[in-house]
Each structure stands twice: as C-alpha cells, then as structure tokens.
Amino acid sequence: MREIPTHRASCSDLLHREGSAVEVRTVSVVRAGKTALEGITFHLDPGDLLAVVGPNGAGKTTLLQVLSGTLPPTSGEVRIFGHRPARHICIAYLPQRPGVDFRFPVTVADVVMMGRTALLGPLRRPGGPDRERVAEALSLVGIAPLARRPIDRLSGGEQQRMFIARAIAQEANVLLLDEPLAGLDAPAQEGILELLGRLRAEQITSIVALHELDLAQAHFPLALLLNVRAIGFGPPGEVFTPVRLREAYGTGLRLFDTASGSIALSDTCCEGGDHDRR
Amino acid sequence: MPSATHAAKEGTTTVVDLIASPFAYPFMVRALLAAAVVGATCAVVGTYVVLQGMAFFGDALAHSILPGVAVGYLVHRGNREPILLWALGTALVAALGVGAVSRRGRFREDTAIGIVFAGMFALGIALISTVRGYAVDLTHFLFGNVLSVSPTDLGLTAGIGGLVVLTVVLFYKEFLIVSFDPTFAATLRLRTGLFRYLLLLLIAVTVVIALKAVGVALVLAMLITPPATAYLLTRRMARMMALAAVLGVLSGVAGLYLSFYLGIASGAAIVLVATLLFLLALLFSPRRQGARGQIFTL
C-alpha cells in the first residue's frame, strides 16, 4: 500500500475508499521519558461519534494530537481513510485552548473562509463558490447572523461553533475536538452536543475529548475510556462499569449506590496536567 | 466681492507654493519618494509585527544590523551606496539567527533576543568609533538621513519595497492563517516554518530599506505606529493593512515637509507625525469604547 504521491489529497478523493474512517493500531507515545499512551487500538466507521474520557493525564489530548497528524506516535500507526494523517487535509483539530488571539482584526466569516485556503492552493483567491460554502457552513452550525461580527465579540459557545464551521468549510470528514464543552454553560453545551449529532448525518466522524461522564453517556453512541491504556471501548453503557471506571480513575473517582442507581463522581476539573504546556 | 476672491486665490497660491517649493530640489524629490516607499512597505509588513506582538523582535533586528553597516562603512570608505547591501546581508543573518535562538533555548525568547541585539549593537558602535570623527556618520546610521538618498538608493529602495509588498499580497491568505492560528495551519499541511521564516526575512529587508529614512533607532516606529493606528480604526485585516500603508506614506511625506520648513531632523519629524496620527486615532477611535479586544490599554 503506497501513499498517494500528492502532497495534499482532498477529502472527497479519499471518501470513495471503503473501510474505516479512522483506524488506530497499537499506538504508543513516549514523551520526555514518560509513557503518555500505550497500545491504543480501535477503529471508527464514517459518521461515528466517539467520546474519549479519562482522568487528567490520561492522554486524551495526546491521542487527538496523534490523530491530527501534528504529533507522530512513538510506535504504532494511524490511518484516516487508509492514509497517514499528515498527508491530507480531511482532519480538523480544535485544541482545547485555541492558540488564537481573539483581538485579531477578522470577522467570523473571515475565520471560516480560512477553511477554504488549503483547498484553493497557493496564489488563488476565494471566489463565489467559496463564499457559498462559508455561508452554508455558518448556517449549518447555527451562527449565520454572526458572519460579519468581529471575533472578539463572541461567547465561548459561538467560538466553538465558528471553529466547527471552519472545519465544515474545509470539507473535513474527521473532527477532533478537545474539551469543546469546558467553560460553557449548560444551554451552550447542549447546543454543541446537538450540533455534533447533526454532523453525523453529514457523514462526519467526530472524536471528542470530555471530562463529563454523564454527557458522554447521554449523547455519544461510542466511548473510549482512557488512562494511558485503553480501558474500554464501545457503547458507553457497556464501557462505564464500576470496575472499569475504578481502573481508569483509581482514587480520583467515588462511586455511590443510591436508590436510583450508582453515581460516579470524578475529578471534573479541566485545568490539570493533562494538557501539554511546553 | 472681488477682494475676497482675490484673497482666497492668493491663499491657494501660497499653499500650492508651500507644497510645490520642495520639488525644486532634486534631493527633496528623491527624499519624498523614498519616504513614501518606506512608509508604505513598513506599514504593510508592520501589520504582522503588531498583530503577532513582534515589536521587540523588530527593534532588535534593526539594532543588530549596525555591525554590518559598520563593516561596509569601513570597507567602502567614502562610498555609501554598497552599505545598503552590507546591511541587507547582516539583516538576513540576524533574522535567521534570532529565529533559531527563539525556537529553542534555555532562556525566554525576549532575553535571548535582548542579549544578541545589545551585543551586536555594541559591536557596531565599536567598529564605527575606530574612525576619526565618527560621530556624524554614526548619527546618520542611528537616526537616518533621507535627504542624502542617491538615485541608486532610491531605485534599490523602490525595487526592494515593491518585492516585499508583492510577496505579502501573493501569500496574503497563507500569512493570515499562519499568524492567526499556527495549529490550524499545521493541520492544513501548510509549511508553517517556511512562512514564519519568510515573514522574518520580510521584516529584515524592510528594516534595511527604512534605515536611510529613519535610522536604526526609529525604524520600530515606522513598523508599528501606522499599523497600530489603523488597528484602532478598522476591524478587517486587509483594510488595516491598506490603511496602515496610507498612514505610513502620509507620515513620511508630511514629516519631510515638517523637516523642510522647521529645520528639524527628518527621521524624527516622520516618526512624530506618525505618533501624532496615532494619538488622534486613539482619542477619536470608535474602538476605544470596546473594553474587550484592545491591544492598547492606555
């Protein structure tokens, strides 16, 4: 299986290939002498929606970085529609803290238009069809009225929607979201979760790192329970068993048995050492 | 009312005279053209300097050029024109050097840049001071002397300035993405490292052509003041860049007139006009009200 020679394959070229959208084979990452991920293996079909949950330091961010192609794994391999992630632009990655200065003098539509850039290639300027795609993406994520708004006047939820719209304009088929719900109020969280559900209909495969076990349980058809190793993978109802949760969270998790079932309390703080500060 | 008409006409003639009289001197025409080119080029490149918080880098780069200028000055005694090429060579080395230093190091980036730039600047002064009566020449390097621009200088300045602006226009959308969101640029498989170095080189080249106009010490103002003024007046990147270029040209030309009529140093006059425009924008800017999203908190 040779890689295709072109530097950037467009997503639609890759879509026609049958098989998994995302395939992860025994991926391990060692960083600064510490094992961040060990022997992770799973695969997703087009349109799957996966929650990646686990305690701080479990390697959720590292896994997304490997999948995005910005961090090469120490061993093992990742295939997106049969290709290495660094070879094409089908992947959109939204880091937990976007490395973006919101004082930049650009509007929401300007940012979404950036998604068209790689498809345009060098020296070409966006035209009418590109502007149409941007408008479509904005209305799909529900922020069409904000198109001309400067980005320093957006709420957290609107910022997330803008970046998701940019991924759609990029025609990405695999969406990697790192803690997209952190810092959002409950209605904004619901809005993003509902949007992720709608994207499944567009055959977009989403992988979402989360702290909230209850939201993973309620809104995601698939979950990966992670603590350096993969402790469970499958429908959340099957993955989130008391034994597995204890294995993942150790003493960081308390389980209570109540009349209406068991309640799991985890360290839901999101400012831990999970996120690489370099 | 013939007298009123006459007075008005006389007034117009006087203004026209005021504007036209410097054009009687060829050196003044060259100076005006050079100031305009430098003002525009600095403002276009400076837009990235402002948005990416690279002001200290730009200042350091300008100061680091001095030893190269000094060597050129010593080698080509009496002939000033090759100095531009020496400055260009030094600037490229300094830009790549600072780029490499800031990528990996035991110190914070600004410390590393500060050490390199102060050392280079001192070396430049030391070299120039070996020449007797160096103070006058040193002053020219430090504060510029746009009135001594030769036809060759002007040609080089215009050619280089045009190339710089053309590069920015051609790669506008790539530069925008790389400077706005480097992670996103990486997932688009853009050559982020390449564009970062290209930007450093553009800044270096721009600093060199600005040397003659405003000198080592004041280059920074031409890089950041017009774009900062434009930032106060618009919220779109392309408009900010275009407006900054207009303000840069305006500062250059108005500054030279000021210098011509008031007899003050040309570089200082240009920078003072740019600063005045910034203060006016700060006072009357619609953006002043928006407490969020301010680069400036004055």
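Residues numbered from 1 in each chain as written. Chains lettered and ligands numbered in written order. Predicted model: local features only at pLDDT ≥ 70, side-chain atom pairs only at ≥ 80, totals over all residues.

This part covers the overall build of chain B. In terms of helices and strands, chain B carries 14 helices and zero strands. Going residue by residue from the N terminus, the α and β elements of chain B occur as α-α-α-α-α-α-α-α-α-α-α-α-α-α. The burial tally for chain B puts 46% of its 298 residues in the buried class. (Helix = DSSP H or I, 4+ residues; strand = E, 2+ residues; numbered from the N terminus. Buried ≥ 20, exposed ≤ 12 C-beta atoms within 10 Å, placed from the backbone.)

Judged by nonpolar contacts, the single largest core of 179 residues is most densely connected at A:Val112, A:Leu176, B:Leu61, B:Ala91, B:Val207, B:Val208 and B:Val219. Broken down by element, the residue count for this core peaks at 16 residues, all from helix α2 (residues 26-51) of chain B. Two domains each donate at least three residues to this core, and these are domain 1 (1-90 + 172-278) and domain 2 (104-169) of chain A. Dropping the residues within four chain positions of it, B:Val208 is found in contact with B:Ile65, B:Leu84, B:Ala87, B:Leu88 and B:Ala91. (Core = buried A, V, L, I, M, F, W, Y, C linked by C-beta atoms within 7 Å. Domains from an automatic or database assignment. Contact = placed C-beta atoms within 7 Å.)

Despite not being glycine, A:Glu171 has its phi angle at roughly 60°, a positive value. Within the secondary structure, A:Glu171 is located in the loop between α6 (156-169) and β6 (174-178).

With that settled, consider the sheet that holds strand β1 (residues 22-31) of chain A. All names here are of chain A. A sheet is described by the order of its strands in space; here three strands give the open sequence β2-β1-β4, paired in antiparallel fashion. Two strands bound the open sheet, and with one partner strand each, they are β2 (34-44) and β4 (75-80). When strand polarity is set aside, the average angle formed by the axes of neighbouring strands in this sheet is 20°. (Pairing = 2+ DSSP bridges. Axes fitted to C-alpha atoms, helices over the stretch in contact; angles between N-to-C directions.)

Contact residues are listed per partner, giving 24 residues for chain B and 27 residues for chain A. Counting only elements with at least two residues in the side of chain B that touches chain A, the list comes to α9 (172-180), α10 (182-187) and α13 (237-262) of chain B. Broken down by element, the residue count for the side of chain B that touches chain A peaks at five residues, all from α10(B). In the side of chain B that touches chain A, the residues fall into 13 nonpolar, four polar and seven charged. (Nonpolar A, V, L, I, M, F, W, Y, C, P; charged D, E, K, R; others polar.)

Attention shifts here to the pairing of strand β7 (residues 205-210) of chain A. Residues and elements named next belong to chain A. Of all six residues that make up β7, six are buried, and the element is covered over most of its length. Side-chain alternation along β7 places Thr205, Ile207 and Ala209 on one buried face and Ser206, Val208 and Leu210 on a second face that is also buried. Taken together, the five bridges between strand β3 (residues 49-53) and β7 define a ladder with parallel strand orientation. Each bridged residue has a counterpart across the sheet, and for Leu49 the counterpart in β7 is Ser206.

Let us now look at the environment of A:Phe81. Of note, A:Phe81 is situated in the loop between β4 and β5 (91-94). Placed 15 residues apart in sequence, A:Phe81 and A:Val66 show a C-alpha to C-alpha distance of 15 Å.

This part is about the confidence of the model for chain B. Residues and elements named next belong to chain B. Looking at chain B as a whole, the pLDDT averages 84, with 88% of positions reaching at least 70. For the stretch residues 1-8, pLDDT sits under 50, and the model shows zero contacts to residues farther than four places along the chain or on other chains. Low pLDDT (under 50) marks residues 288-298, which in the prediction has eight contacts with non-local residues, meaning those over four places away or in another chain. As scored by the predictor, the complex reaches a pTM of 0.81 and an ipTM of 0.79. (pLDDT = per-residue confidence, 0-100.)

Consecutive side chains along a regular strand alternate between the two faces of the sheet. Bridge count for β1(A) against β2(A) is seven bridges, and the pairing is antiparallel. If you follow A:Val29 over to β2(A), its bridge partner there is A:Leu37.

With that settled, the discussion passes to the environment of B:Thr111. Within the secondary structure, B:Thr111 is located in helix α6 (residues 109-128). Along the chain, B:Thr111 and B:Ser21 lie 90 residues apart, while their C-alpha atoms are 48 Å from each other.

Once that is clear, we can look at the sheet that holds β6(A). Residue and element names in this part refer to chain A. Read across the sheet, six strands follow the order β5-β6-β7-β3-β8-β9 without closing on themselves; strand pairing throughout is mixed. If you trace the sheet from one side to the other, it starts and ends with β5 and β9 (229-234), each paired once. For this sheet, the mean inter-axis angle between neighbouring strands, taken without regard to orientation, is 15°. Pairing of β6 with β7 involves five bridges; the strand directions are parallel. Its bridge partner lying in β7, Leu177 is registered against Val208. Against the sheet, helix α10 (residues 242-249) makes contact with β8 (222-227) and β9, and its axis sits at roughly 150° relative to β9, the strand it touches most.

Time to look at helix α14 (residues 266-284) of chain B. With 19 residues, α14(B) should cover 27 Å at 1.5 Å per step; its first-to-last C-alpha distance of 27 Å lies within 8% of that length. Along α14(B), the positions that sit buried rather than exposed are B:Ser266, B:Gly267, B:Ala269, B:Ile270, B:Val271, B:Val273, B:Ala274, B:Leu277, B:Phe278 and B:Ala281. (Expected span 1.5 Å × (residues − 1).)

On to the confidence of the model for chain A. Residues and elements named next belong to chain A. The share of residues in chain A with pLDDT of 70 or more is 83%, and the mean pLDDT across the chain is 81. No element of chain A has a lower mean pLDDT than helix α1 (residues 11-15), at 60, and none a higher one than helix α3 (residues 108-114), at 92. For the stretch residues 1-8, pLDDT sits under 50, and the model shows ten contacts to residues farther than four places along the chain or on other chains. Below pLDDT 50 for its whole length, residues 269-278 participates in 15 contacts with residues either more than four positions away or in separate chains.

Attention now moves to the packing of helix α5 (residues 128-140) of chain A against α6(A). Residue and element names in this part refer to chain A. Close contact between α5 and α6 brings their axes to 8 Å; oriented N to C, the two are set at 135°. One element, α5, and the other, α6, form an angle in the oblique class. For the pair α5 and α6, the crossing hand works out as right-handed. Taking contact as the criterion, the partners of Arg133, Val134, Ala137, Leu138 and Leu140 in α5 are, on α6, Ala165, Ile168 and Ala169. Across the contact of α5 with α6, the residue classes break down as seven nonpolar, no polar and one charged. (Parallel < 35°, antiparallel > 145°, perpendicular 65-115°, else oblique. Left-handed = near helix turned anticlockwise from the far one by under 90°.)

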